[in-house]
Amino acid sequence: MYRRLTTDDTTAYRALRLAGLQECPTAFGSSFAEESALSDQDFVQQLVPGEDGCVKGAFDDDQLVGVVGIQQNRFEKMRHKAFIWGMYVAPGQRRAHVGRNLLDQALQFAGRLNGVSQITLCVVRENHAACALYARAGFVTYGTEPAALQVANRFYDELLMVKFLGNNSAS
């Protein structure tokens, strides 16, 4: 089952997010140390329903096994863009199309946002599975940020990717 997370999901969301930060430290801009120090209220704020963003969750029975965030840019000149953030699927659920289904949920949500014509995301170049998932969903690389993340004294490049909705395209 896939649905928008609510504040009732805070405990499960926090646990899965922290598990993801521990397992895949190069997949996120924040760290386990930073987020484990956050209060429950900080996590609640990520799940507060809004018109222009949400966190979608994938459930296996009643257990949260995957998440993805989608947020429309809040600045007037950039409201035509939304961005994907915080994508994570628990190891036991990978290769079961959970990631693709979550991404589809986020794209559907973005498609209903007023004025959104493109969706962006960043992904570590070495995360081949995620890069392939995004490419299959129609995202294209438009740039690379060298040394975007530093984890354990090693630098990682991030690919900057975009998907255009409808007939809109970049020139």
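Everything quoted here is computed from the prediction, not taken from an experiment.

Visitor: Report on the pattern of salt bridges, specifying residues and quantitative values.
Guide: Per the stated rule, a full pass over the model turns up 9 salt bridges. Notably, a salt bridge pairs Asp 40 with Arg 14, separated by 2.7 Å at the nearest N-O pair. Of the two residues, Asp 40 sits in helix H3 (residues 40–47) while Arg 14 sits in helix H1 (residues 10–23), which places them 26 residues apart along the sequence. You can call Asp 40 partly exposed: its relative accessible area is 48%. Here Arg 14 falls in the buried class, since its relative accessible area comes to 16%. Where Asp 52 meets Arg 74, a salt bridge forms, and the shortest distance between an N and an O atom there is 3.4 Å. One end of the pair, Asp 52, is in the loop between H3 and strand S2 (53–60); the other, Arg 74, is in the loop between strand S3 (63–72) and strand S4 (81–89), with 22 residues separating them in the sequence. Residue classification places Asp 52 among the buried positions, given a relative accessible area of 15%. Its relative accessible area of 59% is what places Arg 74 among the exposed residues. Among the charged side chains, a salt-bridge network with shared partners connects Asp 52, Arg 74 and Arg 79.

Visitor: Describe the state of the cysteines, and please don't skip the residues or the numbers.
Guide: This structure, assessed with the given rule, holds 0 disulfides. Cys 24 takes part in no disulfide bond, and the closest cysteine sulfur to it belongs to Cys 131, at a distance of 13 Å. Residue Cys 24 is classed as buried on the basis of its relative accessible area of 19%. In this structure Cys 122 is a free cysteine whose sulfur lies 11 Å from that of Cys 131, the closest cysteine sulfur available.

Visitor: Give me the lowdown on the sheet that holds strand S1 (residues 2–4), citing residues and values where you can.
Guide: Taken together, 7 strands build an open sheet; the order of strands is S1-S2-S3-S4-S5-S7-S6 and the sheet is mixed. Edge positions in the sheet fall to S1 and strand S6 (140–151), since each of these pairs with one other strand and no more. Shown here is a sheet whose adjacent strand axes are inclined to one another by a mean of 25°, direction ignored. Along the sheet, helix H5 (residues 128–136) makes contact with S4, strand S5 (118–124) and strand S7 (154–164), crossing S5 at roughly 165°.

Visitor: Give me the lowdown on the nonpolar core, citing residues and values where you can.
Guide: Grouped together as the largest cluster of nonpolar side chains are 30 residues, with contacts concentrated most on Ile 70, Ile 84, Leu 103, Ile 119, Val 123, Tyr 134 and Phe 139. With 7 residues, helix H4 (residues 98–111) is the largest single contributor of residues to this core. Tyr 13, Leu 21, Cys 24 and Val 67 belong to the second largest nonpolar core, which has 15 residues in total.

Visitor: I'd love a proper account of the pairing of S2, names of residues and values included.
Guide: Most of S2 is tucked away, with 7 of its 8 residues classed as buried. Two elements, S1 and S2, share 3 bridges in a ladder whose sense is antiparallel. Residue Arg 3 lies in a different strand from S2, and its bridge partner there is Gly 57. Sheet analysis places S2 next to S3, joined by 8 bridges and oriented antiparallel. Considered in S3, the bridge of Phe 59 is made with Leu 64. Turn length for the S2-S3 hairpin, with the two strands adjacent in sequence and antiparallel, is 2 residues, and the turn residue Asp 61 shows positive phi of about 55°.

Visitor: Quick rundown of H1? Include the residues and the values.
Guide: Over its 14 residues, H1 runs 20 Å from end to end, which matches the ideal 20 Å to within 8%, given 1.5 Å per residue. At its buried positions, H1 is contacted by helix H2 (32–36), H3, S2, S3 and S4.

Parameters at a glance
Residues numbered from 1 in each chain as written. Predicted model: local features only at pLDDT ≥ 70, side-chain atom pairs only at ≥ 80, totals over all residues. Heavy atoms only, no water. Salt bridge = Lys/Arg side-chain N within 4 Å of Asp/Glu carboxyl O. Helix = DSSP H or I, 4+ residues; strand = E, 2+ residues; numbered from the N terminus. Buried < 20%, exposed > 50% of the residue type's maximum accessible area, 1.4 Å probe, protein only. Disulfide = S-S within 2.5 Å. Pairing = 2+ DSSP bridges. Axes fitted to C-alpha atoms, helices over the stretch in contact; angles between N-to-C directions. Contact = heavy atoms within 4.5 Å. Core = buried A, V, L, I, M, F, W, Y, C linked by side-chain atoms within 4.5 Å. Expected span 1.5 Å × (residues − 1).

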